[in-house]
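Listed below are the residues making up each chain.
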Amino acid sequence: SAAVPASPTVIFTKNIHVIFRIVTAQHVTMDEEDDQLDAALACSAEQAEADLQRSQEQRDDQALGELVDAEEFLASHGVSMLEYERQMFFDVLHSDGLTVCAKGITYEKVLQNLLKIFCDSTTLVLVVNCSDYEEKLLTSQLDSQHVHESSTNATERERVYLLGGIQFMSTRILVVDLLKGRIPIELITGIIVVKAHEIIESCQEAFALRLYRQKNKTGFIKAFSRNVEAFTYGYG
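Residues numbered from 1 in each chain as written. Predicted model: local features only at pLDDT ≥ 70, side-chain atom pairs only at ≥ 80, totals over all residues. Heavy atoms only, no water.

(A) Focus on the pattern of salt bridges. Counted by the stated rule, this structure contains 6 salt bridges. A salt bridge links R182 to D177; the nearest nitrogen and oxygen atoms lie 3.0 Å apart. Each of R157, D177 and R182 takes part in a single network of salt bridges with overlapping partners. (Salt bridge = Lys/Arg side-chain N within 4 Å of Asp/Glu carboxyl O.)

Okay, structure coming up:
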C-alpha cells in the first residue's frame, strides 16, 4: 500500500522543536559568554584595585622615607627652627605649591634648609627671581661645591647644568636655555621661584614654568612670597 504522507501539522511541530533547540543552545552559549565576560571584568576590576592599592602603598612608603630622611637631616645638621617653620618646611618638602607668609613671618630659614637637602650633584634645582642680596644670603649657607651661578657663555652653562646641584639664574637665561634645549629638562629635579607675587601670567617666569612642565611631569615647582596683599588684586 502507498505510504501515508506526514501531516503538515506534524512537520511544523518537528520544525518548531528543532528551531527551539537551536535557539535554546544559542541562548545558553550567549549566557556562558556573558558569564565569562562578567568574570573577566570582575577580575580586571580587582586587579586594577590591587594595583592602585600597591601604588598608594609605594607612595606612602616613599613619603615616609622622605620624612625620615628629612628628620635625620635636620638632626644631623643641628638645624633649629621654630614650630611654624618646621611645619612649613615639611609641608613644602613633600608637595608642590605656593607658600605665602603673612607680615612678621619669614620663609628664609625654610628655603635655606630646603636648598641644603637638594644641594647635591645627584639633583638639579633651579632658583629664579632672586635678588643679589637674597642669592648671597642663601649661597652663604650652602656647600659652595654644589652651588653654581649662570655663566654668560652658553657652552659653559650646558656643562654646568650636568654638574647638578643648585643653580641660581635669571629668568631670561632660563627661558633662552629652555627654548634652545641647553638644559636637560628631564633631569631637572625642580624649580624654586622666589618673590612669586611678582609673577603674572604673561611674564617670563610663567612662560618658563609652562615650558618646564610640558616636558617634565615629575619635577617639583615650589614658590615663595611674603606679600599676601598682592594675591588679592583682581578679586572681590
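(B) Representation of the sheet that holds strand β4 (residues 165-169). Spatially, the 6 strands line up as an open sheet ordered β1-β6-β5-β2-β4-β3, and their pairing is parallel. Edge positions in the open sheet fall to β1 (97-100) and β3 (147-149), since each of these has one partner strand only. For this sheet the average axis-to-axis angle between neighbouring strands, irrespective of direction, equals 20 degrees. As judged from the 4 bridges shared by strand β2 (residues 124-128) and strand β5 (residues 190-193), these two strands associate in the parallel manner. Looking across to β5, one finds that V128 is bridged to V193. (Pairing = 2+ DSSP bridges. Helix = DSSP H or I, 4+ residues; strand = E, 2+ residues; numbered from the N terminus. Axes fitted to C-alpha atoms, helices over the stretch in contact; angles between N-to-C directions.)

(C) Looking closely at the pairing of β2. Among the 5 residues of β2, 5 are classified as buried, and the element is accordingly described as predominantly covered. Neither face of β2 is exposed, since L124, L126 and V128 on one face and V125 and V127 on the opposite face are all buried. As judged from the 5 bridges shared by β2 and β4, these two strands associate in the parallel manner. Paired with V127 across the bridge in β4 is F168. (Buried < 20%, exposed > 50% of the residue type's maximum accessible area, 1.4 Å probe, protein only.)

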